[in-house]
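A structural walkthrough
Okay, here's what each chain looks like letter by letter:
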Amino acid sequence: VTYFQSFGVMYKYDGKKVTRVPAYFPFMFIKECNGRLLIPAIRAPIYELRAKQKVSELSGSDFFANQTITALIADPAGLLVGTSNEGMFRQKGNTFIPWEHPVNAELKRYQLNKAIRLRDGRLALGTILNGVFIVKGAQIQYHLNQNNGLQNNTILSLFEDKKQNLWLGLDKGLDLVALHDPML
């Protein structure tokens, strides 16, 4: 099954036909995390799309009602939730707590916009104001921005290709980060 979406409208393609899925609220994106289809509503909680198009609120996610969610990342403990101005939060049971990582202060300061988990387990965290951070475990492994090679500092999208290269969609262009290049 494949889902397509725009702001507040989503469609489901089952390999044979396209059907509209009712959207009960405006949202920015749909994300699959740990086998669950999650929908962060704009200035509202996170919802889960379940069987037969049923939507239910993710417990504890009303915490995000006054924030803009920019990223959802599957995590062994449950879920990492990125916000544009308050950094990232880790799900702990039915609550969300600030992510205890040195990069979190940078994400608050430079406005987290996109985030993905790379196949090797690292995180790529793109900001609006200061490029991308590559995080491995408890360390910031790389911080790439306009000062050290990017065309500009606004990361609008992140994609990892089959060769584990990281592609950055920028405000003005596209950059390739060869993460496994011995020169990096």
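Placed above this text is the structure.
Residues numbered from 1 in each chain as written. Predicted model: local features only at pLDDT ≥ 70, side-chain atom pairs only at ≥ 80, totals over all residues. Heavy atoms only, no water.

Topic: the layout of surface pockets
When its volume is computed, the largest pocket comes out at roughly 360 Å³. Phe29, Thr70, Ala71, Asn113 and Lys114 are the residues nearest the centre of the largest pocket, which is lined by 19 residues in total. For the lining of the largest pocket, the secondary-structure elements that each account for two or more residues are β8 (69-75), β12 (112-117) and β16 (155-160). When residues in the lining of the largest pocket are grouped by element, the largest group, 5 residues, is from β12. (1 Å grid on protein atoms, 1.4 Å probe; cavity = no way out; pocket = protein on both sides within 12 Å on 5 of 7 lines; lining within 4 Å. Points joined across faces, edges and corners; volume = space filled by probe spheres on them. Helix = DSSP H or I, 4+ residues; strand = E, 2+ residues; numbered from the N terminus.)

Quick look at the environment of Arg36
Inspection of the secondary structure assignment puts Arg36 in strand β5 (residues 36-40). You can call Arg36 partly exposed: its relative accessible area is 30%. Each C-alpha atom of the pair Arg36 and Ile73 lies 11 Å from the other, and the pair is 37 residues apart in sequence. Excluding its chain neighbours within four sequence positions, the residues that come into contact with Arg36 are Lys31, Glu48 and Leu58. At 2.9 Å, the side chain of Arg36 forms a polar contact with the side chain of Glu48. (Buried < 20%, exposed > 50% of the residue type's maximum accessible area, 1.4 Å probe, protein only. Contact = heavy atoms within 4.5 Å. Polar contact = N/O pair within 3.5 Å; in protein donor to acceptor, adjacent residues only side chain to side chain.)

Considering the pattern of salt bridges
Opposite charge on two side chains makes pairing possible when the charged atoms of those side chains draw close. Here the structure, examined in full by the defined rule, presents 5 salt bridges. We note a salt bridge from Glu48 to Arg50, for which the minimum N-O separation is 3.3 Å. In this structure, Arg117 engages Asp75 in a salt bridge whose closest nitrogen and oxygen atoms are separated by 3.3 Å. Residue Arg117 is found in strand β12, and its partner Asp75 is found in strand β8; the two are separated by 42 residues along the sequence. One connected set of salt bridges, linked through shared partners, spans Arg36, Glu48 and Arg50. (Salt bridge = Lys/Arg side-chain N within 4 Å of Asp/Glu carboxyl O.)

Points about the pairing of strand β10 (residues 87-92)
Of the strand pairs in this sheet, strand β9 (residues 78-83) and β10 are connected by 4 bridges, and their pairing is antiparallel. Bridge pairing in β10 links Leu80 to Arg90. Direction of pairing for β10 relative to strand β11 (residues 95-98): antiparallel, over a ladder of 4 bridges. Across the sheet, the residue bridging to Lys92 is Thr95, located in β11. (Pairing = 2+ DSSP bridges.)

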